[in-house]
Amino acid sequence: MKKTKTMAFAFLMSFSLLGCNTGEERMENPMQEDSTEPTGRREADSRGVEPGTHLDPLSPGEEGAELSDTDPNIGGREMMPSQNLVENITSNAELTTFASVIRKAELINSLNGTGPYTVFAPTDEAFESLPENSLEDLMKTENRKQLVALLNNHVVAGQLKAEQLQDGSSLKTLGGTELKVTKEGDRLTVNGAEVMEPNAMSQNGVIHVINKVMAVKE
């Protein structure tokens, strides 16, 4: 009888230890199971464009985030696939205003995230073409909400190369607005903004340099 109780006790102890080990293995990497699940639904466009996994709008991160966290020299360097979106934006000498706007809106950390994102990045000349004082007003601290909305209007979930964008298709931005794609030969426009430099590949997405700021419709 004593031997039977001892064997039963040993069996219960081994079962308990097995359960504990399983819990420890799960605690070692709590994000592992989450990474295998889709981050949201995939939206298939009726014209064949698949924007990719749904992502939440970009939101301001911690105050004080600087572009120097990723690249101390804004502009003057080559965009490379080995760099992330923010690094490539800050590397392009024609995107210095866009880089400053991202910093002011405190979206550096968001764009450094996994993504992937498709970013339509307006050139410095595009920002200069805005009505007088409009950019200065947007850059004011009290107007940060509008500035973030403007930037979200230039970002689409998923990594979409220029050749994947179909004429007449619509892209839903992270801000919830619709961008209309138009293709005429080799000319590609999105909401009237011409893509001047397509397919700047990054670790967490792709950048298309455009010649116009796509304002948020009221």
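Scroll up a little and you will see the structure.
To start, this report covers the structure provided alongside it. Keep in mind that this is a model prediction, so the values were computed, not measured.

All right, on to the overall build of the chain then. Helix and strand content of the chain: 8 helices and 9 strands. Scored against the burial criterion, the 218 residues of the chain give a buried share of 38%. Surface accessibility of the chain: about 12900 Å² in total, with carbon and sulfur atoms responsible for 51%.

A few words on the side chain of Thr-189. One can find Thr-189 in strand β7 (residues 187-190). For Thr-189, a relative accessible area of 7% gives the class buried. Leave out the neighbours within four places in its chain, and Thr-189 touches Lys-180, Val-181, Thr-182 and Glu-194.

Let's shift gears to the sheet that holds strand β6 (residues 178-184). The mixed open sheet is built from 7 strands, whose spatial order is β4-β3-β9-β8-β7-β6-β5. Every interior strand has two partners, whereas the edge strands, β4 (155-157) and β5 (170-172), have only one. Taken over all neighbouring pairs, the strand axes of this sheet differ in orientation by 30° on average, direction set aside.

Successive side chains on a regular strand alternate, one facing one side of the sheet and the next facing the other. Here β7 pairs with strand β8 (residues 193-202) via 2 bridges, running antiparallel. Bridge pairing in β8 links Val-190 to Ala-193. By the bridge criterion, 5 bridges tie β8 to strand β9 (residues 205-210) in an arrangement that is antiparallel. Looking at β9, one finds that Glu-197 is bridged to Val-209. Between the end of β8 and the start of β9, which pair antiparallel, lie 2 residues.

Take a negative patch on the surface next. Among the surface-exposed residues, Glu-94, Glu-125, Glu-128 and Glu-197 lie close enough to one another that they form a single negatively charged patch. Topologically, Glu-94 is positioned in the loop between α3 (85-91) and α4 (96-104). You can call Glu-94 partly exposed: its relative accessible area is 45%.

Time to look at unusual backbone geometry. The omega torsion of the bond from Gly-115 to Pro-116 falls at 0°, within 30 degrees of zero and hence cis. A positive phi is found at Glu-106, a non-glycine position, where the angle reads about 60°. On the secondary structure map, Glu-106 appears in the loop between α4 and α5 (108-111). You will see that Asn-199, though not glycine, has its phi angle at about 60°, which is positive. Mapping Asn-199 onto the fold places it in strand β8. Asn-199 sits in the partly exposed class, given a relative accessible area of 26%.

Checked against the element boundaries, Ala-99 lands in helix α4. Along the backbone, Ala-99 and Pro-122 are 23 residues apart, and their C-alpha atoms lie at a distance of 10.0 Å.

This next bit is on the pattern of salt bridges. Under the definition given, this model contains 3 salt bridges. Here Arg-144 ties to Glu-106 by a salt bridge, and the two come within 3.4 Å at their closest N and O atoms. Highlighted residues: Arg-144 in helix α8 (residues 144-152) and Glu-106 in the loop between α4 and α5, separated in sequence by 38 residues. Residue Glu-106 is classed as buried on the basis of its relative accessible area of 10%. Taking the shortest distance from any N to any O, the salt bridge between Lys-140 and Asp-137 comes out at 3.4 Å. Owing to a relative accessible area of 35%, Asp-137 belongs among the partly exposed residues under this scheme.

Next up on the list: the pairing of β7. With 4 bridges joining them, β6 and β7 adopt antiparallel strand pairing. Counterpart to Glu-184 in the pairing with β7 is Arg-187. In this structure, the hairpin formed by β6 and β7 is closed by a connection of 2 residues, where Gly-185 is found at a positive phi of approximately 70°. Joining the antiparallel neighbours β7 and β8 is a turn of 2 residues, in which Asn-191 adopts a positive phi near 55°.

Calculation criteria
- Residues numbered from 1 in each chain as written.
- Predicted model: local features only at pLDDT ≥ 70, side-chain atom pairs only at ≥ 80, totals over all residues.
- Heavy atoms only, no water.
- Helix = DSSP H or I, 4+ residues; strand = E, 2+ residues; numbered from the N terminus.
- Buried < 20%, exposed > 50% of the residue type's maximum accessible area, 1.4 Å probe, protein only.
- Areas by Shrake-Rupley, 256 points an atom, 1.4 Å probe, with all protein chains shown as cover.
- Contact = heavy atoms within 4.5 Å.
- Pairing = 2+ DSSP bridges.
- Axes fitted to C-alpha atoms, helices over the stretch in contact; angles between N-to-C directions.
- Patch = residues over 30% accessible without salt bridge, like charges linked within 9 Å, V, L, I, M, F, W, Y side chains within 5 Å.
- Salt bridge = Lys/Arg side-chain N within 4 Å of Asp/Glu carboxyl O.
- Lys, Arg positive; Asp, Glu negative; His and termini not counted.
- Charge placed at Lys NZ, Arg CZ, Asp CG, Glu CD.

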